Amino acid sequence: MSQEIIRLVEARAKKENVSKFEVGDTVNVHCKILEGDKERVQIFNGVVIARSGGGSSEMFTVRRIVAGEGVERKFPLHSPKIAKVDVVRSAVVRRAKLYFLRDRVGKAVRLTERRVERVVDENKPAKVRRGKKAKAAKREARKQEKAE
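First things first, this report covers the structure right here in the doc. (Residues numbered from 1 in each chain as written. Predicted model: local features only at pLDDT ≥ 70, side-chain atom pairs only at ≥ 80, totals over all residues. Heavy atoms only, no water.)

**Considering the overall build of the protein chain**
When you go through the protein chain residue by residue, the secondary structure sums to two helices and seven strands. The helix and strand sequence of the protein chain, counted from the amino end, reads α-β-β-β-β-β-β-β-α. When each of the 148 residues of the protein chain is scored for burial, the buried share is 23%. Sequence-distant contacts, at least 24 apart, represent 44% of the contacts inside the protein chain between residues at least 6 apart. About 11400 Å² of surface is accessible on the protein chain, with carbon and sulfur atoms providing 50% of the total. (Helix = DSSP H or I, 4+ residues; strand = E, 2+ residues; numbered from the N terminus. Buried < 20%, exposed > 50% of the residue type's maximum accessible area, 1.4 Å probe, protein only. Contact = heavy atoms within 4.5 Å. Areas by Shrake-Rupley, 256 points an atom, 1.4 Å probe, with all protein chains shown as cover.)

**So, a positive patch on the surface**
Positive charge collects at one region of the surface, where Arg115, Lys135, Lys138, Arg139, Arg142, Lys143 and Lys146 lie side by side. Note on placement: Lys143 falls in helix 2 (residues 132–147). Accessibility expressed as a relative area gives 53% for Lys143, which makes it exposed. (Patch = residues over 30% accessible without salt bridge, like charges linked within 9 Å, V, L, I, M, F, W, Y side chains within 5 Å. Salt bridge = Lys/Arg side-chain N within 4 Å of Asp/Glu carboxyl O. Lys, Arg positive; Asp, Glu negative; His and termini not counted. Charge placed at Lys NZ, Arg CZ, Asp CG, Glu CD.)

**Here we look at the side chain of Glu58**
For Glu58, the location among the structural elements is in the loop between strand 2 (38–52) and strand 3 (59–66). Reaching out from Glu58, the side chain makes a polar contact with the side chain of Arg51 at a distance of 2.7 Å. Setting aside its immediate chain neighbours within four residues, Glu58 contacts Arg51, Ser52, Gly53, Phe75, Pro76 and Leu77. (Polar contact = N/O pair within 3.5 Å; in protein donor to acceptor, adjacent residues only side chain to side chain.)

**Some thoughts on the nonpolar core**
Phe21, Val27, Val29, Cys31, Phe44, Val48, Phe60, Val62, Phe75, Leu77, Ile82 and Val85 form the largest nonpolar core, which has twelve residues in total. For this core, the secondary-structure elements that each account for two or more residues are strand 1 (26–35), strand 2, strand 3 and strand 5 (82–89). Top element by residues in this core is strand 1. It accounts for three residues. Excluding residues that lie within four positions of it along the chain, Cys31 makes contacts with Arg40, Val41, Gln42, Arg73, Phe75 and Lys81. (Core = buried A, V, L, I, M, F, W, Y, C linked by side-chain atoms within 4.5 Å.)

**Details of the pairing of strand 4 (residues 69–76)**
By the bridge criterion, eight bridges tie strand 3 to strand 4 in an arrangement that is antiparallel. Pairing of Met59 across the sheet is with Pro76, part of strand 4. Linking two consecutive strands that pair antiparallel, namely strand 3 and strand 4, is a turn of two residues; a positive phi of about 55° is found at Ala67 within it. (Pairing = 2+ DSSP bridges.)

Here you go:
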C-alpha cells in the first residue's frame, strides 16, 4: 500500500521528456536562474562523472575546469530548475563513476570519443553502428568495393 502511494507521488514529480545521456558524456546543462523578478537560463558545460539514485530522486554530477580549478555540480535529473540537458559528445568509458578524473590535469583528463557511423543502404533506413560493429561494417564495405 505505502509503496503504491510513493510510486504515485514520484510519478507526478518525474519529467516525461528526459534526454538520454550516460557517464562520460560531455553535456550542456541549461539551468533556470531567478534574478529578482526575471528568469534566465545559464549553461553549465562539463563531463558527467557520476549518476546516482533512482526515480524522482535521481542525480547526476557534472565536472568542468574553470580557470585551472575543477568545479563539480550535482543536479537533480527531474528538477524543474533544469530546462534541458544537451549531449555535446559521448566518450568510451568502462566505469560507472569517473572520480579518477579529479586527480588528473591537462590532456590526461580527455576521454576517448565514442565513434558513431551511419550505415546507409538504399533499401533500408539509416542505421547507427557503434564500436566493433562499425569497424566490421567498414571492413565489409571495403570488401564490396574491391569486388566491384
